[in-house]
Amino acid sequence: MIGAKPTRLSPKLLRNFRERAIECVLFLAALSSVATTLAIIAILVYESILFFQKVSLWEFLTDTQWTPLFDDKHYGIWPLVSGTLVTTAVALLVAVPLGTIIAIYLSEFAPPIVREIVKPALELLAGIPTVVYGYFALLFLTPLLQQILPELPGFNMLSAGLVIGIMIIPYVSSLSEDAMRAVPAYLREGSYATGATRLQTALRVVLPASISGISAAYILGISRAVGETMIVAIAAGGQPNLTFNPMEPAATMTAYIVAVSLGDLPHGSLEYETIFAVGLTLVLMTLVFNIIGHFLAKRYREIY
């Protein structure tokens, strides 16, 4: 009997050990993502401090020219910010209405077999390399737009923004459709019981009830559009230009980072440090969008 007691306890001890080991692995996995994010931010902040020791923050925020690689050097971030905001706005004008309409159709109207075919097909758009989208915008969409707008230059923010919008439609439609399908069925049944049609139920019951998830999908789409690189680097022109006209060429923050990173600038030079200042600005913009999305989701979250 004395020798059998450890035998009865050993399975329990082994199970506890396995559970602890799994918990440690999961903790390390979560910690690695947080540590990676903190390391990226630390590098951006450190290198940006070196940049702002040579260039004043006032000049960075108030100058309207961005020419760090020219003889007449200016370090105003607004030309890059305007290019980023314009391409993002054009993309959202495409992705938000189309993505929402697709989500409503898939959630409320599409037969199950159609949903099983259309949704994976939409999500395939997210798997296409962005460089392919970039050349699609430059070689196909821009000549097509030039037939309608003859004054449109070969490089412009309009075609880049439109293609970015097409690219982020799966993010908006898929997440929005998931949020709508999470709405309890009794809300739909109550709407039908009052005599509402399927369209009225979708627009007046399901859509408001899932607004927190839909807003999160929109914010994800915004973050994806702001961080897009290859499409704008290929199709938008790469010229820092303070303009809010989408028919003009411009450069975005991500496109500038790519252009400078591929150059032959010496490490530690002021021109090299500009990419970290731009990167930090991009991170702060994305952070602001995500904070807004968090508060919107929290403010309008429905608990059933």
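Quick caveat: nothing in here was measured; it's all calculated off a predicted structure. (Residues numbered from 1 in each chain as written. Predicted model: local features only at pLDDT ≥ 70, side-chain atom pairs only at ≥ 80, totals over all residues. Heavy atoms only, no water.)

1. As for the pattern of salt bridges
So, point 1. Evaluation of the coordinates by the stated rule reveals nine salt bridges.
So, point 2. The salt bridge partner of Glu177 is Lys119, with a shortest N-O separation of 2.7 Å. Placement of the pair is Glu177 in helix α6 (residues 157–181) and Lys119 in helix α4 (residues 112–124), with a sequence separation of 58 residues.
So, point 3. Judged by relative accessible area, Glu177 falls into the buried class, the value being 1%. (Salt bridge = Lys/Arg side-chain N within 4 Å of Asp/Glu carboxyl O. Helix = DSSP H or I, 4+ residues; strand = E, 2+ residues; numbered from the N terminus. Buried < 20%, exposed > 50% of the residue type's maximum accessible area, 1.4 Å probe, protein only.)

2. A few points about the nonpolar core
So, point 1. With 55 residues, the main nonpolar core has Trp66, Leu80, Ile164 and Ile168 as its most contacted residues.
So, point 2. In contact with Ile164, not counting residues within four places along its chain, are Ala91, Ala225, Glu228, Ile231 and Val232. (Core = buried A, V, L, I, M, F, W, Y, C linked by side-chain atoms within 4.5 Å. Contact = heavy atoms within 4.5 Å.)

3. Brief notes about the packing of aromatic side chains
So, point 1. For the structure on display, the rule yields nine aromatic pairs.
So, point 2. Each ring, one from Phe52 and one from Phe60, has its centre 5.1 Å from the other, and the planes form 90 degrees; the classification is edge-to-face.
So, point 3. Taking the relative accessible area as the measure of exposure, Phe52 reaches 26% and is therefore partly exposed.
So, point 4. The exposure class assigned to Phe60 is buried, which follows from its relative accessible area of 3%.
So, point 5. An aromatic cluster of at least three residues, connected via ring pairs, comprises Phe51, Phe52, Phe60, Trp66, Tyr75 and Tyr256. (Phe/Tyr/Trp six-rings, centres within 6.5 Å; stacked < 30°, edge-to-face > 60°.)

4. So, the side chain of Thr281
So, point 1. Among the secondary structure elements, Thr281 is positioned in helix α12 (residues 270–299).
So, point 2. Take Thr281: its relative accessible area is 16%, and that puts it in the buried class.
So, point 3. One polar contact links the side chain of Thr281 to the main-chain carbonyl oxygen of Ala277, over a distance of 2.9 Å.
So, point 4. The contacts of Thr281, once residues within four sequence positions are left out, are Phe60, Ile77 and Met253. (Polar contact = N/O pair within 3.5 Å; in protein donor to acceptor, adjacent residues only side chain to side chain.)

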